[in-house]
Each structure stands twice: as C-alpha cells, then as structure tokens.
Amino acid sequence: MQDVQKTARALEQSGKADQLRRLAESDAGREISRMVDAAAVEQAAKSGDQAALRKILTQVLSTDAGRRLAQQLNETMKD
C-alpha cells in the first residue's frame, strides 16, 4: 500500500495526476469505464490474479477506445 501512496504522491508532484484524471474523463476513458466491471478489476488486483487482469486488459485493448486510451497514456507518461 505504501508503494501506491508513494506513486500517487510522485504523480501529484509531477503534475501527471491531473493529466491522468483528464484521460480518465475523456471520451475513451468513459467508454472503457462503461465496458469494464470495476468490482472484477478490484477483486483481481486485490487477490493478485494476474490471469484475470491480463484477460481484462486484453479485452480493453481489443477495442478502438482501449487502444486510443493506451496510446494517450503512453504519451502522458513519457513527458
């Protein structure tokens, strides 16, 4: 949990947190949030179920919105 908090602080300090929030609120971000079961993602993450997380990610990246969001995320994190 400390790693998550440390990462969150680093994102806030770098200004990337705001950029990530804008991505989440973008059309592609909203489309992805409608297609993904948040409870399933949370459960898979908490239990460390890599196969389930990989399946969810594969499903997301198989869509135009998922690929678009991944590209935007990649660009955001490069800066």
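Only a predicted model underlies this, so the values are computations on that prediction, with no experimental measurement involved.

Visitor: I'm lost on the overall build of the chain in this one. Help?
Guide: Of regular secondary structure, the chain possesses six helices and zero strands. Projected onto its principal axes, the C-alpha coordinates of the chain cover approximately 30 × 30 × 20 Å. Long-range pairs, those at least 24 residues apart, make up 64% of the contacts in the chain between residues at least 6 apart in sequence. Accessible surface for the chain amounts to roughly 6000 Å². Of this, 53% is attributable to carbon and sulfur atoms. Each charge sign in the chain was given a centre, from 13 positive and 12 negative side chains, and these centres are 2 Å apart.

Visitor: I keep staring at the packing of helix H2 (residues 16-24) against helix H6 (residues 64-78) and nothing clicks. Help me out?
Guide: For the pair H2 and H6, interaxial distance at closest approach is 10 Å and the crossing angle is 170°. Taken together, the axes of H2 and H6 lie roughly antiparallel to each other. Where H2 approaches H6, its residues Lys16, Gln19, Leu20 and Leu23 are matched on the opposing element by Leu69, Gln72, Leu73, Thr76 and Met77.

About the thresholds
Residues numbered from 1 in each chain as written. Predicted model: local features only at pLDDT ≥ 70, side-chain atom pairs only at ≥ 80, totals over all residues. Heavy atoms only, no water. Helix = DSSP H or I, 4+ residues; strand = E, 2+ residues; numbered from the N terminus. Contact = heavy atoms within 4.5 Å. Areas by Shrake-Rupley, 256 points an atom, 1.4 Å probe, with all protein chains shown as cover. Lys, Arg positive; Asp, Glu negative; His and termini not counted. Charge placed at Lys NZ, Arg CZ, Asp CG, Glu CD. Axes fitted to C-alpha atoms, helices over the stretch in contact; angles between N-to-C directions. Parallel < 35°, antiparallel > 145°, perpendicular 65-115°, else oblique.

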